[in-house]
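# Structure at a glance
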Amino acid sequence: MNKIFEVPLYPYKRSADQDELTPVRRKVVVIGAGPVGLGAAIEMAQQGIEVVILDDNDKVSFGSRAICFAKRPLEILDRLGCGHVMVEKGVEWDVGKVFFDDRQVYELNLQPEEGHEFPAFINLQQYYMEEYLVNRVHELQAAGALIEIRGRNKVSAIGTHPTHVVLEIDTPEGSYNLEADWLIACDGANSQTRAMLGLDFVGRVFEDNFLIADVIMQADFPTERWFWFDPPFNKGQSALLHKQPDNVWRIDLQLGWDIDKEREKRPENVIPRLKAMLGEEVNFELEWVSIYTFQCRRMEKFRHGRVLFAGDAAHQVSPFGARGANSGLQDTDNLGWKLGLVINDQAPESLLDSYNRERIHAADENILNSTRSTDFITPKSDMSRTFRDAVLDLSEHYDFARPLVNSGRLSVPCSYDGSGLNSADALGGPSRTRPGSSCPDVLLEDGYLLPKLGGKFTLLTIDADAPEVIEQDGITVTRLALSTGNDPTSPLKQRYLGDATSAVYLIRPDQHVAARRPSFDENQFRAAIRRATGKE
Amino acid sequence: MSNLNLTPNIDGADDFYAELLATHDNLSDKASSALNARLVLVLANHIGDRAVLADALKAAALK
């Protein structure tokens, strides 16, 4: 049977650009057709901006790779046209079980908050996600958008200039040159773009190896996340079992540092390990096996003139907490609208420096969280192991210790506190909707809030008056008028008003709050729009 | 400054000290070390106040 990841999805096709004597100039070129690169390109195309995606391969990624997608990235994917198809195919789960040694120490139910269109997480193989994104690219193309994927187009050299970049691209039919006003590098943790530009990528290496296996089995394990610390079948190490669609199960087994990787990857060595974990009687088939080590690190700067780095190319985290692909999509969500405004001369180029600042803030938060998880899962000293085991032993008996158990803190959106695009909080409303934070969804009488915000600047008024439209230096801000209907229990009131009786929010195209006040004040909001677009 | 109490605060200090040692009776170094870790976590949760805990960490480090 042909697996989806064995079929070329965007096979090489000669482009007319290859026959031009002088290099063709494109508005935006994206390197890398993974989740982040495809997300970035769809974002640009939906804004009506010409974009070309280059990838040295022609297929979706091999093996399941990123499997856990969190609510915020699903909301972003919804705006890119792929949120619902992912949720329909994906596996939803909300129960986690933690095992220590030979026993279950506790069970956790991650009760989702009411009134959100998208679930807290789904599990879905990365190859499905990439397939949906590629389908979306083709759909946009069919509708006339200027977006194309060029498979087996490997960038072999990059020249950077103040106004553009020049790319030398190798193809099966020889090489050609292409110019781009802007280059978005989404070519992963081993980014060749980064290497070709001689840029840094510093951080902490974790001396550990993980065996990652996708197995296909008909088993009656429930749809839950099971995490083992120091289990009998993998003494002194950890293990994770997680369900994906199509009866594919993801298994992670920590192996330690001093191992022979090639030997451990062989089926004759993998299968006995899995049998010890799943039980001798369980029948399964190995779909994919890989061994990975990881690092927590980031580039010093994500913007280098006309080259913008996003996703794993810019920052790498441990897999605990699913913060790789999830944070990469938030990178492109942050970058897309800013780059669009700059390209359309509606904002100064310096607005792109706020991408650098805001997403470095987010990367640092992700690195901090994933480093802490890693330190809990793989203690680095005798005393840290003593405390780790003490937490696990206590968690079996007492609730208080359970929040200390850290098998990965799942990805939540970063609030851009302190960003220069924010205006000071003049409302003093709920902390979760303070300037910088990403808007929480709310179920309204006629649908959900986030799709109504869409991907443009919005003036959200709650029981407050304001003009329907504000124009400021070419930026159009449209009003969305809502009311709590004097219902003190309404989620809209709880999430956006708190103790206030009315509010006006300025919301950015990436659905982060730029400013909020108790009522409309024209001068204040005009200043807030200028500030949010890098003009103050 | 937090209100970490570093003045005598335990009634029957000798009795408490004896109970503390008795809890470790017949334990190996490893088991004692585990018990101490659990005790630190139980007490820390009881205190809860992060400023007090931060000062307690400093006080214990003799800094």
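Residues numbered from 1 in each chain as written. Chains lettered and ligands numbered in written order. Predicted model: local features only at pLDDT ≥ 70, side-chain atom pairs only at ≥ 80, totals over all residues.

What follows concerns the domain arrangement of chain A. Residue and element names in this part refer to chain A. Along its sequence, chain A is carved into domain 1 (4–13 + 25–89 + 120–202 + 296–367), domain 2 (203–295) and domain 3 (431–532). Taken together, the contact pairs eight residues of domain 1 with nine residues of domain 3. Contributing elements (two or more residues each) for the side of domain 1 that touches domain 3: helix 2 (71–79) and helix 8 (325–343). At four residues, the largest contribution of residues to the side of domain 1 that touches domain 3 is made by helix 2. Taken together, the residues that form the side of domain 1 that touches domain 3 break down as one nonpolar, two polar and five charged. (Domains from an automatic or database assignment. Contact = placed C-beta atoms within 7 Å. Helix = DSSP H or I, 4+ residues; strand = E, 2+ residues; numbered from the N terminus. Nonpolar A, V, L, I, M, F, W, Y, C, P; charged D, E, K, R; others polar.)

With that settled, consider the sheet that holds strand 7 (residues 121–123) of chain A. Residue and element names in this part refer to chain A. The strand order across the open sheet built from three strands is 3-7-4, with neighbouring strands paired in antiparallel fashion. Each of the sheet's edge strands pairs with one partner strand only, and the pair in question is strand 3 (68–70) and strand 4 (91–92). Taken together, the three bridges between strand 3 and strand 7 define a ladder with antiparallel strand orientation. When the bridges of strand 7 are listed, Cys68 appears paired with Asn123. (Pairing = 2+ DSSP bridges.)

What follows covers the sheet that holds strand 16 (residues 284–298) of chain A. Hydrogen bonds between backbone atoms are what pair the strands of a sheet, whose relative direction is either parallel or antiparallel. All names here are of chain A. In spatial order, the strands read 6-5-13-14-15-12-16-19; together these eight strands make up an open sheet with mixed pairing. Only two strands of the sheet have a single neighbouring strand rather than two, namely strand 6 (103–109) and strand 19 (315–316). Taken together, the six bridges between strand 5 (residues 95–100) and strand 6 define a ladder with antiparallel strand orientation. Looking at the pairing, Val95 lines up with Asn109 of strand 6. Each of strand 12 (202–217), strand 14 (238–244), strand 15 (248–256) and strand 16 is contacted by helix 7 (residues 267–278), which is oriented at about 95° to strand 16, the strand it contacts most. Where helix 9 (residues 351–377) meets the sheet, it contacts strand 12, strand 14, strand 16 and strand 19, and its direction lies at approximately 120° from that of strand 16. (Axes fitted to C-alpha atoms, helices over the stretch in contact; angles between N-to-C directions.)

This part takes up the interface of chain B and chain A. Between chain B and chain A, the contact holds six residues from the first and nine residues from the second. Across the side of chain B that touches chain A, the residue classes tally to three nonpolar, two polar and one charged.

A separate point is helix 2 of chain A. An α-helical turn contains 3.6 residues, so a residue and the one three or four places further along point in the same direction. Residue and element names in this part refer to chain A. When you tally the buried positions in helix 2, you get eight out of nine residues, the bulk of the element. The set of residues buried in helix 2 consists of Lys71, Arg72, Pro73, Leu74, Glu75, Ile76, Leu77 and Arg79. Tucked inside the fold, the buried residues of helix 2 contact strand 3, helix 3 (83–89), helix 8 and helix 11 (449–453). Where helix 2 terminates, the next one or two residues include Gly81, which has phi positive at roughly 90°. (Buried ≥ 20, exposed ≤ 12 C-beta atoms within 10 Å, placed from the backbone.)

On to the nonpolar core, then. Within the largest apolar cluster, 84 residues are counted, with the highest numbers of intra-cluster contacts made by Val29, Val30, Ala41, Val51, Ile184, Leu308 and Ala310 of chain A. Look past the residues within four positions of Ala310 of chain A in its chain and what remains in contact with it is Val36, Ala40, Ile184, Cys186, Gly328, Asp331, Thr332 and Leu335 of chain A. By size, the runner-up hydrophobic cluster in this structure holds 30 residues, among which are Phe99, Leu253 and Val391 of chain A together with Ala37 of chain B. (Core = buried A, V, L, I, M, F, W, Y, C linked by C-beta atoms within 7 Å.)

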